[in-house]
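# Coordinates in review
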Amino acid sequence: MAVAFGQYWELTKPRVVALLVFTALVGMFLAVPGLPPLRESVFGLLGIWLAASSAAAINHLIDQRIDRIMARTAHRPLPSGTLRPVQVLLFAIALGVASMAILVLLVNTLTAVLTFFALIGYAIIYTGFLKRATPQNIVIGGLAGAAPPALGWAAITGTLDPHALLLVLIIFVWTPPHFWALAIFRREDYARALIPMLPVTHGVTYTRWQILFYTVLLLVATVLPWATGMSGLFYLGGALVLGAVFLWYAWKLLDPPDEFFAMRVFNYSIVYLMALFAFLLLDHWLQPWLAPSPLIGFERIG
């Protein structure tokens, strides 16, 4: 029983989904001045988590052939034979149905619709088509993975705010340098599996320059929450420091000290996104304390 649970748990890609759910949580807190309502927060996060887990399980199902070929994925439940395709399919459907039911009945319809499209975008359009069709797969398909902050925001407000779309933009621009660093390190695996990742189709040097280009775009995108008044100087400082380190990694990747450096870039990119959204959250809480007092410049009376 414990073994079976562990295999089903692996289907949900828990570390990836945890990062997505964290960005949704930040979207929830940024949507309102104070604390977001408890019911919408709890059930919104649960619904988003179940949908992301469902998409991850469908990804396992569709990718089972290439997972058998690639060294980093050969241990997964389907390639290793510990679960059968019908079990994975039923599990994914159950998670997806539960997600939609929770979001429709206990949160709001807009969040359910947006979450459904994000699920289909990642599980079907990206995994089933784009991944095998174009080296720009992760750029086009990255929009689905970037949706969680907007889903969290919509769960609280019932609206799709432009500020929420700024958070989506940040993750959308972050995704290519994040994933292409991994693709450089695993390019032989992708080549064997006939997956047209950028390092396979255009070479490693070209991909390294694309990572640098997107990292510069990312640095610009992360300034926008401050430029639009959504966040303050505390966030800006954190974003610039984190972005400068990411830029250093991307520049160093042009002439890396060793083959494993691409994985160090990949690992930093995960830390980067978590820290960036943590700065957004901390800045949101600190703004009332950092705002200038209306009494500054005036004498107190009495």
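### Quick word on helix H7 (residues 109–133)
At Tyr126, H7 shows its maximal bend, which comes to roughly 55 degrees. Residues of H7 that are buried in the fold lie against helix H3 (38–62), helix H4 (64–69), helix H6 (85–106), helix H8 (137–145), helix H9 (148–157) and helix H10 (162–185).

### Re the packing of aromatic side chains
Under the criterion given, the structure shown has 17 aromatic pairs. Seen from their ring centres, Trp9 and Trp49 are 6.3 Å apart, and the 45 degrees between their planes marks the pair as tilted. With Trp9 in helix H1 (residues 2–11) and Trp49 in helix H3, this residue pair connects regions lying 40 residues apart in the sequence. Judged by relative accessible area, Trp9 falls into the partly exposed class, the value being 39%. On the basis of an interplanar angle of 90 degrees and a centroid distance of 5.5 Å, the ring pair of Phe185 and Phe260 is categorised as edge-to-face. Of the two residues, Phe185 sits in helix H10 while Phe260 sits in the loop between helix H14 (233–253) and helix H15 (261–290), which places them 75 residues apart along the sequence. With a relative accessible area of 41%, Phe260 lands in the partly exposed category. One aromatic cluster is present, built from ring pairs that chain together Phe246, Trp248, Tyr249, Phe261, Tyr268 and Tyr272.

### Concerning the packing of H3 against H6
At a minimum axis distance of 8 Å, the contact between H3 and H6 shows a crossing angle of 155 degrees. Relative to H6, the element H3 lies roughly antiparallel. Seen along the crossing, H3 lies across H6 with a hand that is left-handed. A class-by-class count of the residues in the contact of H3 with H6 yields 19 nonpolar, six polar and one charged.

### Quick notes on the pattern of salt bridges
Taken as a whole and judged by the stated rule, the model has six salt bridges. The partner of Asp63 in a salt bridge is Lys131, and the shortest N-O contact between them spans 2.6 Å. Here the residue Asp63 occupies a position in the loop between H3 and H4, and Lys131 occupies one in helix H7, the gap between them amounting to 68 residues. By relative accessible area, which is 9% here, Lys131 ends up buried. Between Asp63 and Arg132 there is a salt bridge, with its nearest N and O atoms 2.7 Å apart. In this pair, Asp63 sits in the loop between H3 and H4 while Arg132 sits in helix H7, placing the two residues 69 residues apart along the sequence. What makes Asp63 buried here is its relative accessible area of 0%. Judged by its relative accessible area of 31%, Arg132 is partly exposed. Members of the salt-bridge network, linked through shared partners, are Asp63, Lys131 and Arg132.

### Let's talk about a nonpolar patch on the surface
Residues Leu35, Phe234, Leu282, Trp285, Leu286 and Trp289 make up a contiguous nonpolar surface patch of roughly 680 Å² in combined accessible area. Ranked by residue count, the leading element in the nonpolar patch is H15, at four residues. Along the chain, Leu286 falls in helix H15. By relative accessible area, Leu286 is classed as partly exposed at 30%.

### Let's talk about the nonpolar core
Judged by nonpolar contacts, the single largest core of 76 residues is most densely connected at Trp174, Tyr272 and Phe277. For this core, the leading source of residues is H10, giving 14 residues. When residues no more than four places from it in sequence are discounted, the contact partners of Phe277 are Phe22, Thr23, Val26, Pro149, Leu167, Ile170 and Ile171. In terms of nonpolar packing, the next biggest core, distinct from the first, is built from twelve residues, Leu11, Ala57, Leu61 and Ala123 among them.

### Examining the side chain of Arg76
Mapped onto the secondary structure, Arg76 falls in the loop between H4 and helix H5 (77–80). For Arg76, a relative accessible area of 12% gives the class buried. Dropping the residues within four chain positions of it, Arg76 is found in contact with Glu10, Lys13, Asn59, His60 and Asp67.

Definitions and limits used
- Residues numbered from 1 in each chain as written.
- Predicted model: local features only at pLDDT ≥ 70, side-chain atom pairs only at ≥ 80, totals over all residues.
- Heavy atoms only, no water.
- Bend = angle between axes of the 7 residues up to and from the residue.
- Helix = DSSP H or I, 4+ residues; strand = E, 2+ residues; numbered from the N terminus.
- Contact = heavy atoms within 4.5 Å.
- Phe/Tyr/Trp six-rings, centres within 6.5 Å; stacked < 30°, edge-to-face > 60°.
- Buried < 20%, exposed > 50% of the residue type's maximum accessible area, 1.4 Å probe, protein only.
- Axes fitted to C-alpha atoms, helices over the stretch in contact; angles between N-to-C directions.
- Parallel < 35°, antiparallel > 145°, perpendicular 65-115°, else oblique.
- Left-handed = near helix turned anticlockwise from the far one by under 90°.
- Nonpolar A, V, L, I, M, F, W, Y, C, P; charged D, E, K, R; others polar.
- Salt bridge = Lys/Arg side-chain N within 4 Å of Asp/Glu carboxyl O.
- Patch = residues over 30% accessible without salt bridge, like charges linked within 9 Å, V, L, I, M, F, W, Y side chains within 5 Å.
- Areas by Shrake-Rupley, 256 points an atom, 1.4 Å probe, with all protein chains shown as cover.
- Core = buried A, V, L, I, M, F, W, Y, C linked by side-chain atoms within 4.5 Å.

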